[in-house]
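Here are the chains, one letter per residue:
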Amino acid sequence: MVTISKDHPRYNSLVLRDKLVDGCKKGITSIHGLIAHGRGEAFDYLIGERSTTNALEATAAASAYLLTAQRPIISVNGNVAALVPAELTELSEITDAPLEINLYHRSTQRSEKIEQHLRDFGARRILIGRDYVRLPGIASERAKVDKRGIFLADVVFVPLEDGDRCEALKKSGKAVLVVDLNPLSRTALAASVTVVDELTRTMGNIIEITRRMQQAGDQERLEVLKSKFDNIQNLKISYSIILSRLQTASFF
Ligand code: PTJ
């Protein structure tokens, strides 16, 4: 990794880029993941590089789904593994949700490298789909899900999903929680809860909110949070935040 000065005005952004480049070098992250991250960065600029109140409300709804799930699971790809391995491990522990490595550009070698990487960060329950079934309606390799993991889960948290699989998971009756800075993506539109926020910020927020809710132990409130959440309304608000920033030229 190169040394990045903390004084650099774009320090956080440079650190994330470096983690992904490092992930590529280690064989964890797909080279396509760099392009996906660039798209995310562009939307983050537009949204103001902060967690909006709206995003925090969506994060709270996602926490409520995770805490009330019978069989929650967290789906991990190459970008997420490189950016937030410690946070994935922590969220897996507090929600009792295994981590399932499920890749768009699937290879056994990369899955095993990600598995080892997560173990290095303390993760204990990891599935890599050695024993898989195919979810119907998906052309890509992401159709292959672990028989003991995503296949059986009722709630799937998938930071950085692709549209096809999100739709297929929803059709199979699961609640799908995603993080996507693009409020117009097919994934964002198909999910049960879309957190329109940057992944590393979201992971910090979701861990904090989930811990707080767990301590409060108020099941009724969790059910209310889920039932009151309207994902399309959430996306409209995220989109209007971007539009109003553009219209008021608040960048200048
Ligand atoms: O590791 P693999 O093989 O499973 O591949 C992973 C990628 C990310 C390459 C693959 O899933 C992919 O191609 O994703 P997409 O379809 O390009 O979608 C990525 C979405 O995530 C885009 O809508 C981006 O705006 C968004 N995104 C990228 N980085 C971030 C992000 N959203 C939040 N935080 C980010 N850091």
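Residues numbered from 1 in each chain as written. Predicted model: local features only at pLDDT ≥ 70, side-chain atom pairs only at ≥ 80, totals over all residues. Heavy atoms only, no water.

J.: Explain the overall build of the protein to me, please; I cannot follow it from the model alone.
T.: Along the protein, the regular secondary structure elements total eleven helices and eight strands. The C-alpha radius of gyration computed for the protein amounts to 17 Å, which stays within 12% of the reference 18 Å derived for 252 residues, consistent with globular compactness. Each principal axis of the C-alpha atoms in the protein carries an extent, and together these give about 55 × 45 × 35 Å. Of all 252 residues assigned to the protein, the portion counted as buried reaches 54%. Taking all contacts inside the protein whose residues are at least 6 apart in sequence as the whole, residues at least 24 apart take part in 64%. Element-wise, carbon and sulfur atoms account for 52% of the exposed surface of the protein, whose accessible area totals about 12300 Å². With 34 positive and 31 negative side-chain charges, the protein shows a separation of 3 Å between the mean positions of the two kinds. (Helix = DSSP H or I, 4+ residues; strand = E, 2+ residues; numbered from the N terminus. Rg over C-alpha atoms; globule rule 2.2 N^0.38 Å. Buried < 20%, exposed > 50% of the residue type's maximum accessible area, 1.4 Å probe, protein only. Contact = heavy atoms within 4.5 Å. Areas by Shrake-Rupley, 256 points an atom, 1.4 Å probe, with all protein chains shown as cover. Lys, Arg positive; Asp, Glu negative; His and termini not counted. Charge placed at Lys NZ, Arg CZ, Asp CG, Glu CD.)

J.: Would you explain the site of the ligand in this entry?
T.: By nearness alone, 20 residues border the ligand, and Arg39, Gly78, Tyr104, Arg110 and Glu198 come closest of all. In this structure, His105 approaches the ligand through a main-chain N or O atom, which is 2.9 Å from an oxygen atom. Side-chain polar atom of Asp180 to an oxygen atom of the ligand: 2.9 Å apart, as the coordinates give it. The protein chains hide 92% of the 740 Å² of surface that the ligand would expose on its own. Residue assignment for the shell around the ligand shows that the elements contributing at least two residues are α2 (32–47) and α4 (78–83). With six residues, the top contributor of residues to the shell around the ligand is α2. (Near = heavy atom within 4 Å. Polar contact = N/O pair within 3.5 Å; in protein donor to acceptor, adjacent residues only side chain to side chain.)

J.: How do you make sense of helix α5 (residues 85–95) when you look at a structure like this?
T.: Within α5 the residues assigned to the buried category are Pro85, Leu88, Thr89, Leu91, Ser92, Ile94 and Thr95. Of the residues flanking the end of α5, it is Asp96, one or two places downstream, whose phi is positive at about 60°.

J.: Is there a simple way to think about the pattern of salt bridges in this case?
T.: Opposite charge on two side chains permits them to pair, given that their charged atoms come into close proximity. Here the structure, examined in full by the defined rule, presents 21 salt bridges. A salt bridge links Lys147 to Asp131; the shortest N-O distance between them is 3.8 Å. You can see Lys147 sitting in the loop between β5 (144–146) and β6 (155–159) and its partner Asp131 sitting in the loop between β3 (126–127) and β4 (132–134), a full 16 residues away along the chain. When its relative accessible area of 39% is taken as the criterion, Lys147 is described as partly exposed. (Salt bridge = Lys/Arg side-chain N within 4 Å of Asp/Glu carboxyl O.)

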